[in-house]
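Structure at a glance
For reference, the chains in residue letters:
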Amino acid sequence: MHERVLSASPNWYCSRCSDVNRRGVLGFGAKSTVYLVNVTAASAAVLGELSGHTERVSGFAFCQHDGQESVCATSSDDKSVKIWDIEQKAVLAEHTAHQSTITSIHWSPVEKGLVVSGDEKGIVVCFWHSRNDTHSFFPEPRTIFCLACSPHNENHVAVGYKDGMIALIDISKKGEVIHRLRGHDEEIHALAWCPQPKEEGLYSWPEDNTDASNGLAEVGGGYLASGSRDQTVRIWSTARGRGVMTLKLPFLKRRGAGVDPGVKERLWLTVHWPKGRPSQIVSSSFGGELVIWDLTKSGKQKWTLLGSSADGQTHSRIVFNMNSVCVGDRELLISTSMDREIKCWDLASLECCWTLPTLGGFVYSLSFSPVGTGCLALGVGDNMIRVWNTLSVHNPYDTKTYWQSIKSKVTALAWHPVKEGSLAFGTDDGKVGIYEAYSNKPPQISSTYHRRTVYSLDWGPPIPPLSFGGSEDKPSYSLYSCGGEGVIFQHDPWKLSAEASNIDKLIRDTNDIKHKLSPHTDLNWKPDGKVLAIGNEDGSIEVYGAPGLKLLCTIQQHHKIINTLRWHHQHSDQPELHCLLASGSSSAVVYIHDLRSTIENPLESPILVTEAFRSLSGHTNKITSLAWSPHHDARLVTVCYDGTAQVWDVLKEEPVCNYRGHSGRLLCVQWSPVDPDLVWTGGDDFTVQEWAVSKQEHARPPKSKRRVELEKKKAPQKKSKKKKKAAGKGGLKTEENESPIGEEEKGGSGADEAQSEDEGEDEESTTVSTVTLSTGVSKDASMDRCTAEKVQNGGKIFMAMKKEVKEERKKEKPELSLKKRKPRSMLPLTISMDHRPKEELHQDCLTLAAVRHAHGESVNCMPGSGEHIQLGLFTDREALCRMFQEEEDSHVEAGNYDSVMYLRLWNGDLIGALHMATEKGELTDHLLSLAPMAGYQVWARTVEAYVKQLCLQEQFLKAASHLVSIHKIYEAISLLKAHQLYREAIALAKARLQPDDPALNDLYMSWAAVLEKDGHYTAAAKCYLAADCSFDAAKVIAKKGDVMSLKTAANLAKLAGESDLAHSLSLRCAKELMLSQDWLAAQDVLRIQDTLLGHRLVFCVSELLTQRLSVTGVVSWSSASSHAWSKPTEEDFLSAIQRVWQSEFGLATADLDQMKAFHQQLRAIESPSSTVSMPIKQLLSHVALDVALSVVSQLLSDWASAVEELLRAVTRGFEVGHFFLMTEMCQLLLPQGLDSVALCKQRLVQGDERSLFVSQSLEAFVCYQLLYKDWWKHSCTSTTTTANSLKHTNVHQTPVENGDTNHERETGSQSEAQAAEAIVKSEGFWKVLLSEPHASLQATKRVIKDIQSRVASLVQQHSRPQEPQPSLGTQPQTHSTDLDEELNEGPGDPHDKQRSSVADCESFPVLVAQVTEHQKKLAALPDHLKKYSFPDVAECCIVLLYMDKHFGLIPHHLCEKATSLLLKYGTTGSLHKAWQRFTL
């Protein structure tokens, strides 16, 4: 499905997460997916992926046996092991024998059906997948880091542990440990067996000879290499169970960079033993370098650095995995690294062959350079920017990475329009900067930060204040950034250190806006720099004119947050397309608006646009990005959260193709600036994919909402809600079942993004967390820095730490239970002394007597302490205090702090009691009531401490009340507001603060924002009203978009004096009512605003027109309500309109000033061109506007405009293929037919060329419908067959084309038919229809279309003949002819054959030259001739000849003229066929 792919980065901190088979297919785990890459010495290409695991892939291994190269094994943190067929991409077998996280996996090189895996608990599982058999062993109670099966003995497996030990086990003896290899001090990262089985004679080490006589070598085994975090590589003899060589990593100062101070903590030492090199091993080093060791040498000659010949060849971060493969006669080494690059090395030359970049985060933004052709910039969530030279011949993945000063997710990118290499970027933390891509300098960072994520960037012309000053003092382009807080900044690219300007101030000043502006979510400058489009959070789009940002129009089409805006490119040969604006929001519909009239002829006041030029429906989730094709006219590609990209033909409103290659949501899209068939997309699956439009098998987006259903299945079932809700947190019914509008819904940093980013995008922030977790834990259980980095890169924390924490919590439980136990007495120690033996109790009496009667003599007794504590009650106060002290100590030990407090209180230490209660969190209302006894300061401190305690207990209302008691009103209000108790906070503020206190207004605005986000629009509107923000109140009520909400919002805006807003809302409400045919309610709504009188007149005409057409059958629906004056009468239609306007609307037709004002209002109403897909109700509203304009022009005696508007009203039905609507409009507007047209022509100014063409076209359409009436009269029996044949010559449908033979009944009375026949027989009738200038124009258009179709066919034959391509340069057809399928069934036409044979030998330049020639011919024709519609002259000629042949009604010279016109202008294949079939 795709051409090229940048995949997700290989997972970090895995001992074996990549492998390569004998065929040169590399597989590596990335997140929960395995990517497959075809490896050659020249390049790499992504073949596909294996998806099935639900969590991170922790291990991957191929089967290396003959005939099994397509079989592989994977392990995952979901505790499963799966066996795959990479050709079928299907699971062959799997097991879930592990109960803990799997850390390593390996496929036995000897036993082809055996897969061995180990987990963090120390369990080793052997899986024979061919017989679906598993065996588990527990050789050592240690955490396994890696393992490797012996290539020499099918039963031997080497296992590396976290504590540095290596165990060699025998799986045939239930995992018995053969040798324990000790020497490393820290965890084992990798194990690699020597490919040569024998140990003798390979190396000449002195220590090897000492054990030669022991006979241990006969056991067999082979050498084993291990890499550890202790910075050493060790070579072990598995036969003798001892180490034979230790290799210490050389210190390498990284070229072009300083030494990393944390080099030891960030080390991952992996080793690989190439199969064809038994005396050499490859290891990673400190900073990403790879070292090849020659085991036969010593000293510095022992190691060699790979890629040492040139800078930039080595990895820049630590390397995790290495694999080797022989491709042809070259031995290649593949390495994966933390720098998110996969490199291929030639082991013969030790040079890097190629580099495959990968991505470690969401792909938020794509941008092609307009200057550097083919340079694609990628903004990724791994805090890096990548610039990909997509046109590189030698390296298809030629990519350069930028990371300096970014330090956050890159969410927006924009190349400078003319300055080569200047790339602007925006980040998740609100930073905006500019990189110079062709220099090594760090980026320039703007001193002005956004408070939230940067949504979008765009370059545009400078506007005030930046546009002030001389040309040498201001830049030619400014950088504009839109952030998540809803603000757009203008940055000076020459002085980014200067403060950026907020364009909202200029918008307010220019347009005199006093109300709060809606937060902005996107912006896009028109390529010519004259117009700026801004999308808002409330779904509106505002279009401003540069440089003052005067508001030209507001588009109210979307009802959710605008996510993306794009203007059509400016190099189209159709100027009407230059002003197309495409927009996508959080709804699934893409709207296209044609703003040409608004931009080219702006009015003094901005207009409201509520109808789209085109609507593109098909996606099932929110639209995140879109892009126009720079190679086509009106070709658009959109991406969506449904995981697909859709290409659209905008003018036809048809889908072209749908791409479904991504496994997640799509966030960005770009069309290739070089190849018109290639599109680039990026998404949250961490990939960028290049795909061809012509190769996609799907045309439309998927209809099923699979992602939504999966999320519903995964989501836990909600418990039944309680009937009563907490005060202040509920009680309101949500008005819409949709996500809050205020939510972060852009592709940048919303809540939706956090659910799937398991690959760490911030790699540097692990040191602090590591230190914190390891405090107070034993050394063995402490978590090192390496493990912490593994956690944030998709890894898991080993369970030793968690186990100790759980045990400590269990020990704490008895103490917690003692803390809750209530004592029976305040003096438990004293009471316990009363339960001693009788002898001791008697002795107490004697002791007490001795103390009482000592008279100053020393007594060997201390009453109130120790064994005599009980005597403290019966002696002096000092003894009582000692007794209290011991009782307090006892209560503290038992956790009875309330008793301690009461004892201190009784002892008079009120401050000490309060201090104890404050420290232990045991303050009560009773203690607080006693606090004033110690003074005001003590009481105030105690209240504050009690407030903190209550907040921890979530008793916020009580806490706020206590703050009020010490006169801390603002603090109490802030407390309630912080916990969203807005209702109570407002009640308190209004009761205790001044009415004009700003805190009260802030409360209303904050609560309104929360309510609006939750969908409680009416409650939010009340808050806005209380805060004197009536404009916002009206807008929030209108958000729901139903009739009742819009009407309420309009009335509210009118009461508040917001006339412009009331105007737009009333109009929206009236249009909704008009679509439901509730005419009474629509007029009532419009009557609210005096400024809507023009719209009322149009609605009046629309109602009259609908009622008239319902009688003729054109309108088939019934009205919900209608006025009495709209009932059809015998009165002329235009006269009826004037009468109703005067009687019902008080229109003074004699007042020219008033009529001119109405005419200006009607001109300002939006009136787009009609399309075939336009609903009939909407079409009738446009016709009504044309009729209303015509009537007003007649009242102003402007007959030139009146006739032109009559023509537009008549031809709207013709343009959309509704012949009967055109016929009925002719009868309504021109009841006397040609006489009515003649009357209009008399009132026109003589010599006006425009009026002449308009009247000629109007007269032609009247004759056109009369022509069909006469034909129906004479062809009652034979109409069906012949008329269906004629159908193939026109794109618009006449009744004959629909196969309706019964329309003779509808043509009127017999007298009308006779009158029509008389007119048709007249020579003037045919003179109107047989217009040679129009015939020439129409023939030229047909020829151009024919040549364009041949060009498309030629391109298709030379590219992909098996898959049809859309025609190049085709344009929307309104009046041109169309070839129906039925014509293709007839006998072959010699003209078609001749054209086909000629087309076979024609070249592309010849065809282009022909198109250019005819375009010049077309341009030479008068503009008025091309501007106004005209019936097809060739069609009229064919009908004339047909009628003459069958009915004999036509004079001979007219037949000759028709034949002449057909011979001259009707020689194309379809017309020639129709001519032959009708007349021969």
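Residues numbered from 1 in each chain as written. Predicted model: local features only at pLDDT ≥ 70, side-chain atom pairs only at ≥ 80, totals over all residues. Heavy atoms only, no water.

With respect to the overall build of the protein chain
A count of helices and strands for the protein chain gives 41 helices and 57 strands. Taking all 1480 residues of the protein chain together, the buried fraction comes to 55%. Sequence-distant contacts, at least 24 apart, represent 57% of the contacts inside the protein chain between residues at least 6 apart. Looking at the protein chain as shown, the accessible area adds up to about 65,000 Å², and 50% of this sits on carbon and sulfur atoms. (Helix = DSSP H or I, 4+ residues; strand = E, 2+ residues; numbered from the N terminus. Buried < 20%, exposed > 50% of the residue type's maximum accessible area, 1.4 Å probe, protein only. Contact = heavy atoms within 4.5 Å. Areas by Shrake-Rupley, 256 points an atom, 1.4 Å probe, with all protein chains shown as cover.)

Thoughts on the sheet that holds strand S2 (residues 18-20)
If you walk across this open sheet you meet the four strands as S2-S3-S4-S5, and the pairing is antiparallel. Looking at which strands have only one partner, the edges of the open sheet turn out to be S2 and strand S5 (44-51). Going from strand to strand, the sheet's axes swing by 20° on average, the running direction of each strand aside. Of the pairings in the sheet, the one linking strand S4 (residues 33-39) to S5 comprises seven bridges and is antiparallel in character. (Pairing = 2+ DSSP bridges. Axes fitted to C-alpha atoms, helices over the stretch in contact; angles between N-to-C directions.)

Brief notes about the pattern of salt bridges
Scanning the entire structure with this criterion turns up 41 salt bridges. In this structure, Asp163 engages Arg142 in a salt bridge whose closest nitrogen and oxygen atoms are separated by 2.2 Å. Taken together, the residues span a long stretch of sequence, with Asp163 in the loop between strand S15 (156-161) and strand S16 (166-170) and Arg142 in the loop between strand S13 (133-137) and strand S14 (144-149) at a distance of 21 residues. Taking the relative accessible area as the measure of exposure, Asp163 reaches 37% and is therefore partly exposed. Between Asp1186 and Arg1212 there is a salt bridge whose closest N-O contact spans 2.4 Å. Of this pair, Asp1186 sits in helix H26 (residues 1176-1195) while Arg1212 is found in helix H27 (residues 1199-1215), placing the two residues 26 residues apart along the sequence. Residue class for Arg1212 comes out buried when judged on its relative accessible area of 3%. (Salt bridge = Lys/Arg side-chain N within 4 Å of Asp/Glu carboxyl O.)

Describing a nonpolar patch on the surface
On the surface, Val1355, Phe1404 and Val1408 cluster together into a nonpolar patch covering about 210 Å² of accessible area. Here Val1355 shows up in helix H34 (residues 1332-1358). Residue classification places Val1355 among the partly exposed residues on the basis of a relative accessible area of 31%. (Patch = residues over 30% accessible without salt bridge, like charges linked within 9 Å, V, L, I, M, F, W, Y side chains within 5 Å.)

A word on the nonpolar core
Counting residues in each nonpolar core, the largest one holds 100 residues, and the members touching the most others are Trp1141, Val1187 and Leu1229. The residues contacting Trp1141, other than those within four sequence positions of it, are Leu1097, Cys1100, Val1101, Gly1146, Leu1147, Ala1188, Val1191 and Val1192. (Core = buried A, V, L, I, M, F, W, Y, C linked by side-chain atoms within 4.5 Å.)

Remarks on the sheet that holds strand S39 (residues 478-483)
One open sheet accounts for four strands, arranged S38-S39-S40-S41; its pairing is antiparallel. Because the sheet does not close on itself, it has two edges, and the strands there are strand S38 (454-460) and strand S41 (501-502).

Structural notes on the packing of helix H19 (residues 1030-1037) against helix H20 (residues 1043-1055)
For the pair H19 and H20, interaxial distance at closest approach is 8 Å and the crossing angle is 170°. For the element pair H19 / H20, the angle class is roughly antiparallel. Residues Ser1030, Ala1033, Ala1034 and Ile1037 of H19 lie in contact with H20, whose contacting residues are Ser1045, Thr1048, Ala1049, Leu1052 and Ala1053. Looking at the contact of H19 with H20, its residues break down into six nonpolar, three polar and no charged. (Parallel < 35°, antiparallel > 145°, perpendicular 65-115°, else oblique. Nonpolar A, V, L, I, M, F, W, Y, C, P; charged D, E, K, R; others polar.)

Describing unusual backbone geometry
Phi is mostly negative for residues that are not glycine, and the peptide bonds are mostly trans. Note that the residue after Pro464, namely Pro465, is joined by a cis bond; omega there is 5°. Checked against the element boundaries, Pro465 lands in the loop between S38 and S39. The step from Ala546 to Pro547 runs through a cis peptide bond, and the omega angle for that step is 0°. Take Pro547: it is sitting in the loop between strand S44 (541-545) and strand S45 (550-555). In this structure, Tyr13 takes a positive phi of about 55° despite not being glycine. With respect to the element layout, Tyr13 can be found in the loop between strand S1 (2-6) and S2. A relative accessible area of 2% means that Tyr13 is categorised as buried. With a phi close to 60°, Lys407 is a non-glycine residue in the positive phi region. On the secondary structure map, Lys407 appears in the loop between strand S33 (398-402) and strand S34 (410-415).

Concerning the environment of Ile102
Considering the arrangement of structural elements, one finds Ile102 in strand S10 (residues 102-107). On the basis of relative accessible area, Ile102 is assigned to the buried category, the value being 0%. In the structure, Ile102 is positioned 25 residues away from Asp77 in sequence and 6.1 Å away in space, judged by C-alpha atoms. If near-sequence neighbours (up to four positions away) are discounted, Ile102 is found in contact with Ser58, Ser75, Ser76, Asp77, Lys79, Ser80, Val81, Ser117, Gly118 and Asp119.

Let's talk about the side chain of Ser365
Within the fold, Ser365 resides in strand S30 (residues 363-368). Among the polar contacts made by the side chain of Ser365, one reaches the main-chain amide nitrogen of Leu413 at a distance of 3.2 Å. If we ignore the near neighbours within four places in the chain, the residues touching Ser365 are Ala377, Leu378, Gly379, Thr411, Ala412, Leu413 and Cys668. (Polar contact = N/O pair within 3.5 Å; in protein donor to acceptor, adjacent residues only side chain to side chain.)

Brief notes about the pairing of strand S47 (residues 580-585)
Each regular strand displays side chains that alternate between the two surfaces of the sheet. S47 sits mainly inside the fold: six of its six residues count as buried. Pairing between strand S46 (residues 562-567) and S47: five bridges, direction antiparallel. Looking at the pairing, Trp567 lines up with Leu581 of S47. Where S47 lies against strand S48 (residues 590-594), five bridges are found, and the strand directions are antiparallel. Among the inter-strand pairings, Gly584 is bridged to a residue of S48, identified as Val590. The loop that links S47 with its antiparallel partner S48 comprises four residues.

Description of the side chain of Ser1066
Along the chain, Ser1066 falls in helix H21 (residues 1059-1075). By relative accessible area, Ser1066 is classed as buried at 0%. One polar contact links the side chain of Ser1066 to the main-chain carbonyl oxygen of Ala1062, over a distance of 2.7 Å.

Quick word on the environment of Leu457
For Leu457, the location among the structural elements is in strand S38. Owing to a relative accessible area of 9%, Leu457 belongs among the buried residues under this scheme. Spatially, the C-alpha atom of Leu457 lies 5.6 Å from that of Tyr480, the residues being 23 residues apart in sequence. Setting aside chain neighbours within four positions, we find Leu457 in contact with Ala412, Leu413, Ala414, Ala424, Phe425, Gly426, Val432, Leu479, Tyr480 and Ser481.

Things to note about the environment of Lys1040
Structurally, Lys1040 can be placed in the loop between H19 and H20. On a C-alpha basis, the gap between Lys1040 and Gly1015 in space is 8.9 Å, while along the polypeptide they are 25 residues apart.

Some words on the packing of aromatic side chains
Enumeration according to the criterion identifies 22 aromatic pairs in this entry. Relative to Phe320, the ring of Trp12 lies with its centre 6.3 Å away and its plane at 25°, an arrangement referred to as stacked. Within this pair, whereas Trp12 is found in the loop between S1 and S2, its partner Phe320 is found in strand S26 (residues 319-327), the two being separated by 308 residues in sequence. Like Trp12, the residue Phe320 is buried in the burial classification. Taking the centre distance of 5.4 Å and the plane angle of 50° together, the rings of Tyr480 and Trp525 count as tilted. Linking Tyr480 in strand S39 with Trp525 in strand S42 (residues 520-525), this pair joins segments that are 45 residues apart in sequence. An identical accessibility class is assigned to Tyr480 and Trp525; each is buried. One aromatic cluster is present, built from ring pairs that chain together Trp12, Tyr13, Phe145, Trp268 and Phe320. The ring of Phe686 carries Lys31 above its face, with NZ or CZ at 3.9 Å from the centroid. Here the basic side chain of Arg614 rests over the ring of Phe613, its NZ or CZ set 4.1 Å away from the ring centre. (Phe/Tyr/Trp six-rings, centres within 6.5 Å; stacked < 30°, edge-to-face > 60°. Lys NZ or Arg CZ within 6 Å of the ring centre and 35° of its normal.)

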